[in-house]
Amino acid sequence: MSLVDPGTDPGPGTPADVRDVRAAAKSIERGLRGNSAYWAFKKLVQTEALASPAHRDIASVAKGIFERPGGVGQRIQNHVRLACRTVSSSRAQQHPVQWWAPRSSDRTVFRTDHLVLDPRVRKVLDAAQKGLMAAAKKQVARVAVEMDVPLARRRTRQEEAIFLQYAFAARPDDPPAPVSSNSTLPAHGGPRDPDRVCLYDDQDLLDALLGTALPAGLGTGGNTLPPDFSAFWSSIPIDLAAPPVLLEELAYKYAELHPRYEQIGMDEVGFSSESATQAAHFLHTRITAGEAILSRRCFSRASMYARQGVPTCLRARLWDLLLQSELIDDPATYTQKYCKPLKAALAQHELLVDHLVQADARQCRNDDAFFVFEDVLKEMMLFWIRDEWIDARLCPAAPAAQATHSPAAPQPSPPKSASIAGATLPPVGGAVAEGTGIADNNSNGNNNGVGNGKAGSTTTTLPTTAPATPRVIVKKYPPNGVLPFWGVSCYAMPVCFLHADAESAYMTFRELYVCCFTHLHTLQPSRTTPTLPHLLAHFESLIKQYSAPLFHHVARVAHAPPARLAARWIVFAFVGVLDVAQVLLLWDRVLGYGPDGDGLALFAVAAAALFAFREDVLWAARSPRDVEAAFADLGAIEIVPLLQNFIFPLVCDDNDA
Amino acid sequence: MSPESGYRLAETQIINHFPNHQELTKKDLMVKNLKRYKKELAREKNNGGEKAQLLESKYNYLDFLPTTYTLPGDYNLFAEEFRKNPASVWIMKPTDKARGIGIFIINRLHQIKRWSRDAKMQWSYANNKDTYVVSRYVDDPLLIGGKKFDLRMYVLVTSWRPLIAYKYNQGFARFCAVKYTSDEGELDNSFMHLTNVSIQKYGDDYNETNGGKWSIKNLLLYLQATRGRAVTTKLVEEIDSIIVHSLRAVQNLMTNDKHCFECYGYDIIIDADLRPWLIEVNASPSLSATTASDRLMKYSLVDDILRIVIPEDFPESGLTSAKDKKDTGNFILLQDLQSLERPKSSTKNGKTKARG
């Protein structure tokens, strides 16, 4: 059993596989030559070989360096594991042979059997996603007309210079942030699309999901219940979670959350002077252990570590160890090098979506924890929207097709990466629009790693802009292949608390996005990773197991389908729902349990835990407004004890007694 | 209430000010008192004073006041200092105004001359008493998200002799709405340089939901993650040090009265090296709330103050939820102050209890 779908697991061991592995290793090695880490390693071998007296035996020197704790070998291992995670989670079916499929036993196996769907259900969800994306695409066109802004526009040299100078300064002509009577982030029922610039929001997402219906006369696999009954018993019209994850199973899945283990997020704070010393001691040992893991760069130990929470001072580095899928020698230079072409592309071209993500980032003004980072967020979102790395990660087949120039022909790309190919650009008064598309800025030259071994030949990192030649290159629009939904910048907000500069924060954010957040607003099911429909079904099933009468009361008496509320929390990964420190603590666990598996499912568990926590208030609720009020102020909630209470109810009761 | 007013408070009356709090809260007096205190402390240390050494070990951050002169009195000293560092930037503040009124920034000596000429002509209330302090401007402040901020900390003093003071652990950072640059051309942009909410709220970018206020909790979370734990802890200790020393500097000047207590608002700026600088101390920190979380914080501030200052035997003390007098809410007793007064720790406990 592995991360990937058991059906596609090659089951290595046969000679043919070994040959495959050798060939693949060769091609990977070739691919690595474009990576600076590769050359840094070679150079290290060279200097050490020259320095050591027995310098003739280069192979053993190299081996020593390679196998050193935290050395190159460990890094490559982490890199392969992470690169494989993104590939396998997005399109396992497209890669029948995955030699790099992890067979390690140190990772808890994520149960994927509940992700297996009836093909007809899958089709319905695919269609829902397609419909949503088609609507979003129409919105792009509408916004373009209404705002009178072309999809993409080459800035003039002068404009470019001005842009570079004032890029992220808050300009006085910025419209004020959308303010409503209850100004909060979208996850908390904040203003929805006040300027009518959003393409789709969480409400649309949920409506699309709840609006799905199986063709008449078609029961979902094995479900013999009459349709009326299942509609009554769940707000999600199609049955997904079969077999459901049992409430009792959670205690095994999330064993490390058990109160018997000390947790960052509760045990590092002391309330009396005695417990304060104890807490300080715990924090100290925890930090020492974390430093050791960081110096060894051990991925599996880091993920075990994260399950009990990461101390604030180590979080940025530990998350990067758990997330950075590129083989990076020196993160600082890599970040700089990586963001340079992005910045150049940003200065050269103004995209319509720039306005959308900037308006989106402005929402942080409505939150008293994140408003400080408005400019940082804008910069991050502008990077994100034009980073082709995202596209390459989300649909790894695309770069290969891109290299051979893909026309607008229908290719089986997931509908989320809707390419608005060949869109005609409305002319802008006075401005020169050179070319109709986006000039070829080859910013994905860096990702010639495992993810797209076939396209490993593109090694240039410099943008090859040719404004003189009217070369029209049909690329995806927006360049990252993701039509932004309203509130997408919420995912980036907590990351601002980890890094002092936008570039480093972006590097963490893009990894988080592709391995985790993208699934939170995707309807299309994946074989390996739960997406929104699964998470909501998981949530509903947990609540029903916890207290079926409560579920019935909230859904039928108070007329507030629990899934509607939970969707908002889950879609935004609890940003704007919980206090930022708590969000980070929750994300620690999500990363620890695998942000594309059990960790992701933890969002559903957390939502269920919140419901259970407010049980008393919910029982008194008589209207949707009462239910809203029950969750109006979750700012003081501490998520770790809350999860423990839900996952290990008996233990927590014993402690109280 | 001035000490000479002749009013006497009844047993059941307490008041939220000390009669001569100006020693701490008027900018020029505070500067004078701190300068004197530092000299005393140095002398005592040279004489091998036990108290000074004890202070040194726990609160060893003493140079927390930017170089400051009183104008017009110290003009010559200031001019001399200015000529030594012609590139320096200075900030002028009236000694007795609050909320950012009358503050401006200078980087040329002739700006002062022009100002003193203009001031006499324009301001009707400008008389001989109207003095200014000029302080070295902290022109490399710590920026978060590209913006400048300062800290507002609350300190409650219930007794000067012995000194009993509490630090409130829920202060906040006040942010400027405009990105900070140290450009000369922007020196007169008060939206960039002055963090006072009473100024910022007239800026175009002011948002009612956040009010430019960030909780200390978030600040520490951010600093721990981006700068590390050790320096963040050091910063917090240095802020404590600022509070302790500034209070001790005026301890013997204050009229101690058991009917009095006072909550001070400390304004502190942190520079890019995470060094805190004391800007000023306010006797009547604003208790009006600009945002929802601000309101919550200030409610609990007032609540906690009342809980601490109202004696147990006070009539109608049942109104406050002071069941357990040890419960100081979000206030943290600044340790070692009493032990410094009376070296024996046994008396310390007795004293704390007696006072509440």
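Residues numbered from 1 in each chain as written. Chains lettered and ligands numbered in written order. Predicted model: local features only at pLDDT ≥ 70, side-chain atom pairs only at ≥ 80, totals over all residues. Heavy atoms only, no water.

If you check an unreviewed UniProt entry, chain B appears there as ATP-grasp domain-containing protein from Powellomyces hirtus. Within the UniProt record for chain B, the comment given under Subcellular location (unreviewed entry) is "Cytoplasm, Cytoskeleton, Cilium basal body". (UniProt positions renumbered as here; feature names shortened; annotations may be inferred.)

Chain A has the name Rab-GAP TBC domain-containing protein in an unreviewed UniProt entry, where Powellomyces hirtus is given as its organism.

Caption draft 1: Seen up close, the overall build of chain A. Helix and strand counts for chain A come out as 27 helices and two strands. Here chain A, with 657 residues, has 57% of them falling under the buried criterion. Within chain A, contacts between residues at least 6 apart in sequence are counted, and of these 79% link residues at least 24 apart. Accessible surface, chain A: about 26,800 Å² in total, of which carbon and sulfur atoms supply 58%. (Helix = DSSP H or I, 4+ residues; strand = E, 2+ residues; numbered from the N terminus. Buried < 20%, exposed > 50% of the residue type's maximum accessible area, 1.4 Å probe, protein only. Contact = heavy atoms within 4.5 Å. Areas by Shrake-Rupley, 256 points an atom, 1.4 Å probe, with all protein chains shown as cover.)

Caption draft 2: A look at the overall build of chain B. Scanning chain B from N- to C-terminus turns up twelve helices and twelve strands. Of the contacts made within chain B by residues no fewer than 6 positions apart, 70% connect residues no fewer than 24 positions apart. Counting every atom, chain B has about 17,400 Å² of accessible surface; 50% of that belongs to carbon and sulfur.

Caption draft 3: Looking closely at the interface of chain B and chain A. On the chain A side, the residues contacting the 22 residues of chain B number 30 residues. Between chain B and chain A, roughly 2,300 Å² of surface is buried when both sides are summed, and carbon and sulfur atoms account for 58% of that area. The interface formed by chain B and chain A holds two salt bridges in total. The salt bridge partner of Asp375 of chain A is Lys147 of chain B, with a shortest N-O separation of 3.7 Å. For the interface between chain B and chain A, the tally reads three residue pairs in polar contact (both at pLDDT 80 or more). Of all the secondary structure elements, the ones that give two or more residues to the side of chain B that touches chain A are strand S8 (172-179), strand S9 (213-215) and helix H8 (216-227) of chain B. The element that contributes the greatest number of residues to the side of chain B that touches chain A is H8 of chain B, accounting for seven residues. (Buried area = accessible area lost by both parts, 1.4 Å probe. Salt bridge = Lys/Arg side-chain N within 4 Å of Asp/Glu carboxyl O. Polar contact = N/O pair within 3.5 Å; in protein donor to acceptor, adjacent residues only side chain to side chain.)

Caption draft 4: Summary view of the pairing of strand S11 (residues 276-282) of chain B. All names here are of chain B. Most of S11 sits out of view: six of its seven residues are buried. Alignment of strand S10 (residues 262-270) against S11, held across six bridges, turns out to be antiparallel. Looking at S11, one finds that Asp267 is bridged to Glu280. What sits between the antiparallel neighbours S10 and S11 is a turn of five residues, in which Leu274 has the positive phi angle 60 degrees. (Pairing = 2+ DSSP bridges.)

Caption draft 5: Representation of the packing of helix H19 (residues 532-546) of chain A against helix H20 (residues 548-557) of chain A within the structure. Residue and element names in this part refer to chain A. In contact at an axis separation of 5 Å, H19 and H20 are set at 120 degrees when each is read in the N-to-C sense. Taken together, the axes of H19 and H20 lie oblique to each other. Seen from H19, the contacting residues are Glu540, Ile543, Lys544 and Tyr546; seen from H20, they are Ala548, Leu550 and Phe551. For the contact of H19 with H20, a count of residues per class yields five nonpolar, no polar and two charged. (Axes fitted to C-alpha atoms, helices over the stretch in contact; angles between N-to-C directions. Parallel < 35°, antiparallel > 145°, perpendicular 65-115°, else oblique. Nonpolar A, V, L, I, M, F, W, Y, C, P; charged D, E, K, R; others polar.)

Caption draft 6: Just the packing of aromatic side chains, in detail. Following the criterion strictly, the structure yields 44 aromatic pairs over all chains and no others. Arranged with centres 5.9 Å apart and planes meeting at 80 degrees, the rings of Phe370 of chain A and Phe497 of chain A form a pair that is edge-to-face. With Phe370 of chain A in the loop between helix H14 (352-361) and helix H15 (374-385) and Phe497 of chain A in the loop between helix H17 (397-403) and helix H18 (502-520), the pair connects residues that are 127 residues apart, well separated along the chain. Note on Phe370 of chain A: relative accessible area 3%, which makes it buried. Ring centres 6.0 Å apart and planes at 85 degrees place the aromatic pair Phe371 of chain A and Phe175 of chain B in the edge-to-face group. (Phe/Tyr/Trp six-rings, centres within 6.5 Å; stacked < 30°, edge-to-face > 60°.)

Caption draft 7: Local environment of the nonpolar core. Ranked by size, the top nonpolar core spans 213 residues in total, and within it Trp384, Tyr513, Ile570, Trp587 and Phe603 of chain A together with Trp214 and Tyr266 of chain B carry the most contacts. At 13 residues, the largest contribution of residues to this core is made by helix H23 (residues 598-613) of chain A. Excluding anything up to four places from it in sequence, Tyr266 of chain B contacts Leu24, Leu151, Arg152, Met153, Val155, Ile243, Ser246, Leu247, Leu278, Glu280 and Val281 of chain B. Tyr166, Tyr168, Ile310 and Leu333 of chain B belong to the second-largest nonpolar core, a separate cluster that totals 16 residues. (Core = buried A, V, L, I, M, F, W, Y, C linked by side-chain atoms within 4.5 Å.)

Caption draft 8: Representation of unusual backbone geometry within the structure. Cis peptide bonds are those with omega within 30 degrees of zero, and the linkage from Arg161 of chain B to Pro162 of chain B qualifies with 0 degrees. The topology assignment puts Pro162 of chain B in the loop between strand S6 (147-159) and strand S7 (164-168). A positive phi angle, close to 55 degrees, is found at His559 of chain A, a residue other than glycine. Structurally, His559 of chain A can be placed in the loop between H20 and helix H21 (562-571). Judged by its relative accessible area of 54%, His559 of chain A is exposed. A positive phi angle, near 70 degrees, is found at Phe574 of chain A, a position not held by glycine. Inspection of the secondary structure puts Phe574 of chain A in the loop between H21 and helix H22 (580-592).

Caption draft 9: Summary view of helix H12 (residues 312-323) of chain A. Between the first and last C-alpha of H12 of chain A there are 17 Å, a value that for twelve residues agrees with the 16 Å anticipated at 1.5 Å per step. When H12 of chain A is considered as a whole, its buried residues turn out to be Thr312, Cys313, Leu314, Arg315, Ala316, Leu318, Trp319, Leu321, Leu322 and Leu323 of chain A. (Expected span 1.5 Å × (residues − 1).)

Caption draft 10: Main features of the sheet that holds strand S1 (residues 68-71) of chain B. Residues and elements named next belong to chain B. Overall, antiparallel pairing links the four strands, which are arranged S1-S4-S2-S3 in an open sheet. Lying at the two open borders of the sheet, with one neighbouring strand each, are S1 and strand S3 (104-106). The sheet shows a mean angle of 25 degrees between the axes of neighbouring strands, direction not considered. Strands S1, strand S2 (90-94), S3 and strand S4 (132-136) of the sheet are contacted by helix H4 (residues 75-84), whose axis makes an angle of about 140 degrees with S1.

Caption draft 11: Seen up close, the packing of helix H5 (residues 119-147) of chain A against helix H7 (residues 202-210) of chain A. Residues and elements named next belong to chain A. Contact geometry for H5 and H7: axes closest at 9 Å, N-to-C directions at 145 degrees. Here H5 runs over H7; the crossing is right-handed. Taking contact as the criterion, the partners of Leu125, Ala128 and Leu132 in H5 are, on H7, Asp204, Leu205, Ala208 and Leu209. Of the residues contributing to the contact of H5 with H7, the split by class is six nonpolar, no polar and one charged. (Left-handed = near helix turned anticlockwise from the far one by under 90°.)

Caption draft 12: Summary view of the pairing of S2 of chain B. Of all the five residues making up S2 of chain B, five are buried; the element is thus mostly covered by neighbouring parts of the structure. Side-chain alternation along S2 of chain B places Trp90, Met92 and Pro94 of chain B on one buried face and Ile91 and Lys93 of chain B on a second face that is also buried.

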